Amino acid sequence: MSRGGRPLRVLGIETSCDETSAAVVAGRGDDVALRSLVILSQDVHALFGGVVPELASRAHLTSVVPVVRRALDDAGLGPRDLDAVAVTHAPGLVGALLVGVSYGKALAHAAGVPVVGAHHMEGHLFATALEHPDAVPPFTALLVSGGHTLLLDVAAWGEYRQLGATRDDAAGEAFDKVAKLLGLPYPGGRHVEALARTAPPPRGGKPRFARPMLRANQAPDDADYYDVSFSGLKTAVLHAVRDAERRGALDAERAGIARDFQDALVETLVEKTYRAARAHGRTRVVLGGGVACNGALVAAMRRRLEPRGAAVFAPTPRLATDNAAMIARAGLFRLERGETADLSLNAYAALPIPGLSGERRASSG
Ligand code: KG4
Ligand code: ZN
């Protein structure tokens, strides 16, 4: 099926946040197939309106063994059939990461195969490639999740240049906070999107919310040319909600506020991504992370980029949100480069993506 011998089989384990997931991929180079994927979402956090780290660690502890067993069974493999065990070791909740890292190391040791430490955000970069053979470098990447918002230029796998990031809230975090303001459940992104779809057509004229960090006269050397910021937008939504409440009009205006918020966030992300693709001459744009599930974002990205000769690739929701398939895929890449770890592999709350350059500040937020 591929160059250089039989396909390599890698088990991936992901426990960085509130999904316990395991998956098996097989292949070499860019010819890699998904053999199984199990994702167990921890619903308990919805009760608290956010992820409770201690509860997340405990839930991973009870589910990691059966989730991994199921992924291996679905792939028709035993641990000894694997070429490596890849496990997310950064970034994320340390207690949650440690569950996967400890179990991954133990399993790899027992099976006599190497363990590979995978970076969660590098995983998101690889997710789309499992579904679209053309979602491979060189490309412009926009990673938008609950914890991160990163605009990268990807010259090759393992060669990442950070162009922009959020200066405050991540895109998913902004969706979740706005959902809360609008009285929607956690995690709120898909609820905001669904509500926005029911909004009446916008009145023409000036949009209700300004586009954060988007000015017509921005130049590529400006510090905010690629960066984004969503905390001001969130505050503007708060004021709009309070104002509507005072007038007793919140029920009538809720959907319009959701739509106008989403439009502002989407337009900002699309414009920054377009700038990045144009500046680097990229004809492919790859989206990743939970916010890449957002249909309005993907559609707007296509409307802006495709007429200008760039193809836009977005993963299906199962691979956009946290999953172990992307971890197995990123792990396979690192395995092929001989970058295996040993039993000293540790978990880190924050760590730059391996091969990342151009970072101006911590990539979390
Ligand atoms: O990548 P992910 O599963 O987890 C992290 O690594 O953070 O992303 C989760 C985030 C949440 O903030 C969630 O509200 C958001 O993705 N999200 C969405 C949609 N589906 C999930 N945001 C906007 N529209 C959606 N349809
Ligand atoms: Zn993620």
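Numbering of residues starts from 1 in each chain and follows the order in which that chain's sequence is written. By the order in which they are written, chains take letters starting at A while ligands take numbers starting at 1. The predicted origin of the model limits local features to residues at a pLDDT of at least 70 and limits the giving and counting of side-chain atom pairs to 80 or more, whereas totals for whole chains, interfaces and linings rest on all residues. The side-chain numbers reported here are obtained from all heavy atoms of the structure, hydrogens and water having been left aside.

### Regarding the overall build of the protein
Link 1 in the chain: Runs of H or I in DSSP of at least four residues are treated as helices and runs of E of at least two as strands, each being numbered from the N terminus. For the protein, the count of helices and strands is 10 helices and 11 strands.
Link 2 in the chain: Based on C-alpha atoms, the radius of gyration is set beside the globule rule, defined as 2.2 Å times the residue count to the power 0.38. Relative to a compact globule of 365 residues, whose C-alpha radius of gyration would be 21 Å, the protein shows 21 Å and is just as compact.
Link 3 in the chain: Across its three principal directions, the C-alpha atoms of the protein cover 65 × 45 × 30 Å.
Link 4 in the chain: Burial statistics for the protein: of 365 residues in total, 54% are counted as buried. Only protein chains enter the area calculation, which uses a 1.4 Å probe; residues under 20% of their type maximum are buried, those over 50% are exposed, and those in between are partly exposed.

### As for unusual backbone geometry
Link 1 in the chain: In this structure, Pro-138 follows Pro-137 across a cis peptide bond, with omega equal to 0°.
Link 2 in the chain: By secondary structure assignment, the location of Pro-138 is in the loop between helix H3 (120–127) and strand S6 (139–144).
Link 3 in the chain: For the peptide bond that leads from Tyr-186 to Pro-187, omega is -10°, which places it in the cis range.
Link 4 in the chain: When you line up the elements, Pro-187 lands in the loop between helix H4 (171–181) and helix H5 (189–197).

### Description of the sheet that holds strand S11 (residues 356–357)
Link 1 in the chain: In spatial order, the strands read S10-S9-S6-S7-S8-S11; together these 6 strands make up an open sheet with mixed pairing. Of all strands in the sheet, those with a lone pairing partner are strand S10 (311–313) and S11, marking the two edges.
Link 2 in the chain: We treat two strands as partners when DSSP finds at least two bridges between them. Bridge analysis of S6 against strand S9 (residues 284–288) gives 4 bridges, and the strand direction is parallel. When the bridges of S9 are listed, Ala-141 appears paired with Val-286.
Link 3 in the chain: Contact between two residues is taken to exist if any of their heavy atoms lie within 4.5 Å; hydrogens are not considered. The angle between two axes is taken between their N-to-C directions and runs from 0 to 180 degrees, where each axis is a line fitted to C-alpha atoms and a helix contributes only its stretch in contact. Packing against the sheet, helix H7 (residues 250–280) makes contact with S6, strand S7 (149–156), strand S8 (159–165) and S9, and its axis sits at approximately 155° to S6.
Link 4 in the chain: Sheet strands touched by helix H8 (residues 295–305): S6, S9 and S10. Its angle to S10, the strand with the most contacts, is close to 165°.

### As for the domain arrangement of the protein
Link 1 in the chain: Domain boundaries assigned for the protein yield domain 1 (8–126 + 320–357) and domain 2 (135–314).
Link 2 in the chain: Here's the idea: put two parts together, see how much 1.4 Å probe accessible area each one loses, and the total over both is what we call buried area. Taken over both partners, the interface formed by domain 1 and domain 2 buries close to 1800 Å², and the fraction arising from carbon and sulfur atoms is 67%.
Link 3 in the chain: Looking only at domain 1, the three residues that lose the most surface to domain 2 are Met-121, Leu-125 and Ser-357, adding up to 32% of its buried area.
Link 4 in the chain: Here a salt bridge means any side-chain nitrogen of Lys or Arg lying within 4 Å of a carboxyl oxygen belonging to Asp or Glu. Taken together, the links from domain 1 to domain 2 amount to 0 salt bridges.
Link 5 in the chain: Definition of a polar contact: a pair of N or O atoms within 3.5 Å, with one able to donate and the other able to accept a hydrogen when the atoms are protein atoms, and with sequence-neighbouring residues admitted only if both atoms are side-chain atoms. Here domain 1 is connected to domain 2 by 7 residue pairs in polar contact (both at pLDDT 80 or more).
Link 6 in the chain: Put simply, the parts of the chain that give the side of domain 1 that touches domain 2 at least two residues each are H3, helix H10 (325–336) and S11. All domain edges in this entry derive from an automatic or database-based domain assignment.

### As for the coordination of the zinc ion (ligand 2)
Link 1 in the chain: Atoms are scored as donors when they are N, O or S and lie within 2.8 Å of the metal, with 3.2 Å used for Na, K and Ca; no water is included, so coordination may look incomplete. At the metal site, the zinc ion (ligand 2) is ligated by His-120 (NE2), His-124 (NE2) and Asp-322 (OD), and these contacts range over 2.1 Å.
Link 2 in the chain: Only two sets of limits are used to name each site, 85 to 135 degrees for every angle of a tetrahedral four-donor site, and over 155 degrees for opposite donors with all other angles from 65 to 115 for a square planar four-donor or octahedral six-donor site, with any other site named irregular. Considering all 4 donor atoms around the zinc ion (ligand 2), angles at the metal cover 93 to 149° and the coordination shape is irregular.
Link 3 in the chain: Between consecutive donors of the zinc ion (ligand 2), the numbers of intervening residues give the motif H-x3-H-x197-D. Here the residue His-124 occupies a position in helix H3, and Asp-322 occupies one in the loop between helix H9 (317–320) and H10, the gap between them amounting to 198 residues.
Link 4 in the chain: For His-124, a relative accessible area of 1% puts it in the buried group.

### Some remarks on empty space enclosed by the protein
Link 1 in the chain: The rule is simple: put a 1 Å grid over the protein atoms alone, call a set of points where a 1.4 Å probe fits but cannot get out a cavity, call an open set with protein on both sides within 12 Å along at least five of seven lines a pocket, and count a residue as lining if it has an atom within 4 Å of a point. Grid points are joined across faces, edges and corners, and a volume is the space filled by probe spheres set on the points. Taken as a whole and assessed by the stated rule, the structure comprises 1 cavity of 30 Å³ or more.
Link 2 in the chain: Approximately 50 Å³ is the volume found for the largest cavity.
Link 3 in the chain: At the level of elements, S7, S8 and H7 are the ones that each hand at least two residues to the lining of the largest cavity.
Link 4 in the chain: At 3 residues, S7 tops the list of elements feeding residues into the lining of the largest cavity.
Link 5 in the chain: Taken together, the residues that form the lining of the largest cavity break down as 7 nonpolar, 2 polar and 1 charged. Under the scheme applied, nonpolar residues are Ala, Val, Leu, Ile, Met, Phe, Trp, Tyr, Cys and Pro; charged residues are Asp, Glu, Lys and Arg; polar residues are all the others, including Gly.

### Here we look at the packing of aromatic side chains
Link 1 in the chain: Geometry of aromatic contacts follows a simple scheme: Phe, Tyr and Trp rings, the Trp one being its six-membered ring, pair when their centres are within 6.5 Å, and the pair is stacked under 30 degrees between planes, edge-to-face over 60, tilted otherwise. Per the stated rule, a full pass over the model turns up 5 aromatic pairs.
Link 2 in the chain: Ring geometry for Phe-126 versus Trp-157: centroids 3.9 Å apart, planes at 20°, classification stacked. On the criterion of sequence distance, the pair formed by Phe-126 in helix H3 and Trp-157 in the loop between S7 and S8 is long-range, its members being 31 residues apart. For the residue pair Phe-126 and Trp-157, the accessibility class agrees, reading buried in each case.
Link 3 in the chain: For the ring pair Phe-126 and Phe-333, a centre distance of 5.5 Å and an interplane angle of 40° mean the geometry is tilted. With Phe-126 in helix H3 and Phe-333 in helix H10, this residue pair connects regions lying 207 residues apart in the sequence.
Link 4 in the chain: On the basis of relative accessibility, which here comes to 9%, the residue Phe-333 falls in the buried class.
Link 5 in the chain: Of the aromatic side chains, those joined through ring pairs into one cluster are Phe-126, Phe-139, Trp-157 and Phe-333.
Link 6 in the chain: Throughout this description, the term charge over a ring refers to an Arg CZ or Lys NZ atom that lies within 6 Å of the ring centre and within 35 degrees of the ring normal. When the ring centre of Tyr-225 is taken as reference, the NZ or CZ atom of Arg-275 above it lies at 4.4 Å.
Link 7 in the chain: Positioned above the aromatic ring of Tyr-274 is the side chain of Arg-308, whose terminal nitrogen or guanidinium carbon lies 5.4 Å from the ring centre.

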